[in-house]
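Below are the chains, spelled out letter by letter.
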Amino acid sequence: MSDSLFVRKCVKSLGDYFVPMASRGGNFVHFSRICGWSGDTALFVSEFCRDARTCGCVIDGRIPNPDGGNIAFFEEHFGKNFRITEDSVSSNLPRWLPSLRKNVVPLLSRSIIRSLSVLSSHGKPEGAVRSAFVKFMCWLYYRFPLVVSSLGSSRVPKIIAFGDISAHELLFVHALVGAGCDAVLVCADGGASYSRLDPSSTFSDAISGGTEPLPDGFPDSVLRGAGPSVSCAPDSCAFRVVTNAYDIGDGFCAVETDVSARGSGKNEIRNVFCRIDGAEDRNLYEGKLLSFRRGIEARGRNIVVVDGGIPRATTEEIARIRRGREDSPAAIASALSSSIQWGASREIESMMRRAFSETVFAESKKGCAGSRLVSRAVTLCCYVARYAPALFRNMKLPSVSLFIQFGAEGGATEAAFLSLLSRLPVDVLVLRPDLNSPCDFSGVEIAAVKNAESVPLSRFPAGGDFSRVGTVAFRAERDLDGILYTGTGLFREKQHSRAEAVILRTTADEIPILWGEEARFRPNFRVDGDVVGIPVIFAKISGVDGGDVGRYWRTIGSLSGNDAFVVRGAPFIKHGSFSPMARFASEFYRDGRLRVDYIKAHPDFPYRILRGEMQDFILEKLSLLIERKLVRGIGENGTEYLAVSTILNMPGEIVRLFQNFDFTKKSPKFVYVNAGESEISVEDSILSAFLVVCGFDVVFFVPTGYRSVEGNFRDILPDEHVVGDFVCGLSVPDEFPADVSRAARSIFGKFFRRR
């Protein structure tokens, strides 16, 4: 790609927009405004919209201004004193827009600055220019993710806008055109309002488009016909859904009952919306679920099972939802329902849109309004798009599919989605076998079946030869575990899957005493449910007692057992050294959060060999490290991406310590000896802080007493203990002499005595 900005070229015909970039004879793009209407124009707009939805953006109405949260997030990345120069913008764009291709960064930076210079040339003050820049950046991040990810690809991104356009919106589109986008503005007033903004047609060229009047309901009527297999017929359906209109019984039998035997009236589909807590007989529960699932599948019914809570909508899913007017529940329902499409059946599509609109109105009556209602409605559209293919594949009405949420989590948005499904030809089962698991479906009209026995089952049995079903003896053993290892101070091997570090403030004398103790015997140890509070040591030992170097090395050797990882010089990880995970960092950390599920499913995830709960633990603590900004530069200059690549590339010896980590027993150790004059690297600080929050004991030995450790930490400094004279010029031995005699052990008291 050339370093020069793309050149706007007037089109000879609307078909020029669909000519590939390679056949345009140069880096030419198009930006036209259509000032009239005809049948040919309608076909062009329909085809252009289809391209824009897959590789661009459709703008219907004004682009919402960034809110306070958007601006605060922007300032976290750019800072409040950002500079609008090509070098500054180019250096910040890759962190702000990780999906932006590297070769596009200078083009987009230059094009944005060119657009902003128009404001300056018209006498706008610096504050107005900075405000416009913030707006442009937020629009790119929140509203135009498909455009950002498509710039520089083989397909030319398409942008189409309907109706009036503001001055800032025009300059924003102008910037995107300069970076390689095609753009079309469909004017509702013949272009009169546009002419007031750009009287000399500097930014776009005018196209007549035709002399016919605009269609009724413009632009909604046009947009409804712009997607593949979209029905423009009224939302009507021969069938109506009636929920829980017959005996539910234990819930399972009601779902297994054939639709024709549910007593349905004419053009009526009866479905089930039921929550089942616990089990009648926990020893038979898993086998019952297996038989139930096989029976449903044998009848040819579609079934979807979601274990745990419904995963949140992804950025890619949200980007595919067309936004419109959002000033009332009716406007929200109308604008977003057009994103719900099911080309295989107009009746099912109509039912989905109607159910969506009814759910939006129901949520508004519960007090959900404004941006919260918009966010919930967009998420509902994403969920419908995600699960509709599996629920309605090859389905003919009045058949009924089945949606199971297993191990209920709940929450307002999940409850709204289940309520939406209950308005469709779908049986909805919420199964909560573990009576101690969280469940919140308040405000939802759902039949409830309550059983007395609890089954700690996290996943719905999938069937097949490898399904697991507990025996009576297995259940009895679990009961005995509950008696022995609950509240007794006794702990089963690796009983707990979660932990929180509690940093102990100790004296120097206490470190060798606590060093070899199990966590459960240390002060401030606690267990809250499944979460262990691990008391850990985080210290810096400065100086050498009495200048006795031999005893100094022996003491360090005594602390460096098989459960310790020892570093013998700074830096351990050189700043900027290669990490194979660096190329994935922007994928793994996006939109201000660590994408845990995406990372675990990634083929290059290095810790998939670890226990599943330990994988979750490592990623949870990495997320905490970034959220708490425990190392300087996180949230400021992209150090969060360095943290991701560093922690996902730990040495194998440390990874093995994690695999054997039992939160109630001895904590793994990280001993860092820095006898030289170099500071530890940012990567070393990231690794040390991460190990501390995971529950490792971390001690720095600095015989020089230099401030070579503290520089990169924030809010998590090691306690410093000065134990003797500062000694420089020491060479760290390859192996520390480990003397475990009583005489050597008695050295600790003298070595760690306070001065």
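Counting from 1, residues in each chain are numbered in the order their sequence is written. Reporting in this predicted model follows two pLDDT cut-offs: at least 70 for local features of residues, and 80 or more for side-chain atom pairs to be given and counted; totals over whole chains, interfaces and linings ignore these cut-offs and use all residues. Each side-chain value is worked out from all heavy atoms of the structure, with water and hydrogens disregarded.

Bringing the overall build of the protein into the picture now. The numbering of helices and of strands both runs from the N terminus, where a helix is a DSSP run of H or I of at least 4 residues and a strand a run of E of at least 2. A tally of helices and strands in the protein yields 26 helices and 24 strands. A 1.4 Å probe rolled over the protein chains alone gives each residue an accessible area, and that area as a share of the maximum for its type sets the label: buried under 20%, exposed over 50%, partly exposed in between. When each of the 755 residues of the protein is scored for burial, the buried share is 52%. Here a residue-residue contact requires only that any non-hydrogen atoms of the pair lie within 4.5 Å. Partitioning the intrachain contacts of the protein with sequence separation of at least 6 by distance along the chain shows that 79% fall at a separation of at least 24. Surface accessibility follows the Shrake-Rupley procedure with a 1.4 Å probe radius. Residue values consider only the protein chains on display as shielding. Accessible surface, the protein: about 33300 Å² in total, of which carbon and sulfur atoms supply 50%.

Turning to the sheet that holds strand β13 (residues 426–432), a few remarks are in order. Two strands in a sheet stick together by hydrogen bonds in their backbones, pointing the same way (parallel) or opposite ways (antiparallel). At least two bridges found by DSSP between two strands are what make those strands a pair. Sheet architecture is open: five strands sit in the order β11-β12-β13-β10-β14, paired in parallel fashion. Strands at the two margins of the open sheet, each flanked by one partner only, are β11 (303–307) and β14 (447–450). On average, each strand axis in the sheet is inclined to that of its neighbour by 15 degrees, with strand direction left out of account. In the sheet, strand β10 (residues 273–277) pairs with β14 via four bridges, with the strands oriented parallel. Directly across from I276, in β14, lies its bridge partner V449. On top of the sheet, helix α11 (residues 282–298) reaches β11, β12 (401–406) and β13; it is set at about 155 degrees to β12, its chief contact. Axes here mean lines fitted to C-alpha atoms, for a helix over just the part in contact, with angles spanning 0 to 180 degrees between N-to-C directions. Across the face of the sheet, helix α15 (residues 370–392) comes into contact with β11, β12 and β13 while running at roughly 130 degrees to β12.

A few words on unusual backbone geometry. A cis amide bond links L397 to the next residue, P398, at an omega of 10 degrees. Positionally, P398 belongs in the loop between α15 and β12. The backbone phi angle of N524 is positive, close to 70 degrees, even though this residue is not glycine. Positionally, N524 belongs in the loop between α18 (510–515) and β16 (526–528). Given a relative accessible area of 54%, N524 falls into the exposed group.

Let us now look at the confidence of the model for the protein. Confidence scores labelled pLDDT are given residue by residue by the predictor and lie between 0 and 100. Taken residue by residue, the protein gives an average pLDDT of 85. The fraction at 70 or more is 89%. The secondary-structure element of the protein with the lowest mean pLDDT is helix α26 (residues 742–751), recorded at 44, while strand β23 (residues 697–702) shows the highest, at 96. Taken as a whole, residues 225–236 scores under 50 in pLDDT and shows 24 contacts with residues more than four places along the chain or in a different chain. Below a pLDDT of 50 lies the segment residues 464–468, which in the model reaches four contacts outside its immediate sequence neighbourhood of four places, other chains included.

A few words now on helix α2 (residues 68–78). Along α2, the residues that are buried comprise N70, F73, F74, H77 and F78. Down the axis, α2 shows its buried residues gathered within 125 degrees of arc, on one side only. Looking at the packing, one finds that the buried side of α2 touches α3 (86–96), α5 (126–143) and α23 (639–647). Positive phi shows up at G79, right after α2, with a value of about 80 degrees. Relevant arc is that of directions from the helix axis to the C-beta atoms, nothing else.

Let us look at the pattern of salt bridges. Here, a salt bridge means any Lys or Arg side-chain nitrogen found within 4 Å of an Asp or Glu carboxyl oxygen. One pass over the structure, following the stated rule, counts 37 salt bridges. For E268, the salt bridge goes to R270, with nearest N and O atoms at 2.9 Å. In this pair, the class of E268 matches that of R270, namely buried. One salt bridge in this structure joins R376 and E363, with 2.8 Å as the shortest N-O distance. With R376 in helix α15 and E363 in helix α14 (residues 346–365), the pair connects residues that are 13 residues apart, well separated along the chain. A network of salt bridges, in which partner residues are shared, links R275, D277, R432 and K450.

What follows is about the environment of L97. Structurally, L97 can be placed in the loop between α3 and α4 (105–121). Assessed through its relative accessible area of 4%, L97 is described here as buried. Along the chain, L97 and L140 lie 43 residues apart, while their C-alpha atoms are 8.0 Å from each other. Apart from residues lying up to four places away in sequence, L97 is in contact with L108, L140, Y141 and V148.

Another aspect to go through is the nonpolar core. Throughout this description, the term nonpolar core refers to a set of buried Ala, Val, Leu, Ile, Met, Phe, Trp, Tyr and Cys residues connected via side-chain atoms within 4.5 Å. Core analysis: the largest hydrophobic core is formed by 60 residues, its most contacted members being L625, L648, F658, F670, F690, L691 and F700. With nine residues, the single largest contributor to this core is helix α25 (residues 682–694). Those residues in contact with L691 that lie beyond four places of it in its chain are I654, F658, F670, F696 and V698. Core analysis: the next-biggest nonpolar cluster, separate from the first, contains 57 residues, V134, M137, C138 and A183 among them.

All right, on to the packing of α3 against α5 then. Contact geometry for α3 and α5: axes closest at 11 Å, N-to-C directions at 30 degrees. Classified by the angle their axes make, α3 and α5 are roughly parallel. α5 is crossed by α3, and the crossing has right-handed handedness. Each of V89, L93 and W96 in α3 lies in contact with α5, whose residues at this interface are F133, M137, C138 and Y141. Of the residues that constitute the contact of α3 with α5, the class distribution is seven nonpolar, no polar and no charged. When describing relative orientation, an angle under 35 degrees is termed roughly parallel and one over 145 degrees roughly antiparallel, while 65 to 115 degrees is termed roughly perpendicular and anything else oblique. The hand of a helix crossing depends on one turn: near helix anticlockwise from the far one by less than a right angle means left-handed, and clockwise means right-handed. Think of it as three bins: nonpolar holds Ala, Val, Leu, Ile, Met, Phe, Trp, Tyr, Cys and Pro, charged holds Asp, Glu, Lys and Arg, and polar takes everything else, Gly as well.

This part takes up the sheet that holds strand β6 (residues 182–186). Strand order across the open sheet formed by five strands is β4-β5-β6-β3-β7, with parallel pairing between neighbours. Both edges of this open sheet fall to β4 (56–60) and β7 (205–207), since each of them pairs with a single strand only. Going across the sheet, the axis of each strand differs from the next one's by a mean of 15 degrees, ignoring polarity. In this structure, strand β3 (residues 31–34) lies alongside β6, joined through four bridges in parallel fashion. Along β6, the bridge assignment pairs F31 with A183. Contacting β3, β4, β5 (158–162) and β6, helix α1 (residues 39–55) crosses the sheet at an angle of about 125 degrees to β5. Relative to β3, helix α7 (residues 167–178) is tilted by about 135 degrees, and along the sheet it contacts β3, β5 and β6.

The residue F18 is located in the loop between β1 (7–8) and β2 (28–29) in this model. For F18 and D182, which are 164 residues apart along the polypeptide, the C-alpha to C-alpha distance reads 9.6 Å. Apart from residues no more than four positions distant in its own chain, F18 is found in contact with F44, E47, F48 and D51.

Counting buried residues in β5 gives five out of five residues, a clear majority hidden from the surface. Covered by surrounding structure in β5 are K158, I160 and F162 together with I159 and A161, the residues of both alternating faces. Inspection of the sheet shows β4 paired to β5 by five bridges, in the parallel sense. From the neighbouring strand, I59 faces β5, where its bridge partner is A161.

Next up on the list: the pairing of β12. Taking burial as the measure, the six residues of β12 include six buried ones, the bulk of the element. Across five bridges, the pairing between β11 and β12 is parallel. Residue pairing for β12: V304 is matched across the bridge by F403. Where β12 meets β13, six bridges bridge the pair, whose relative direction is parallel. Its bridge partner lying in β13, F403 is registered against V428. The parallel pair β12 and β13 is bridged by helix α16 (residues 412–421), and the resulting crossover is right-handed. Consider the strands pointing away from the viewer: the crossover is right-handed when the path from the first strand over the helix to the second runs clockwise.

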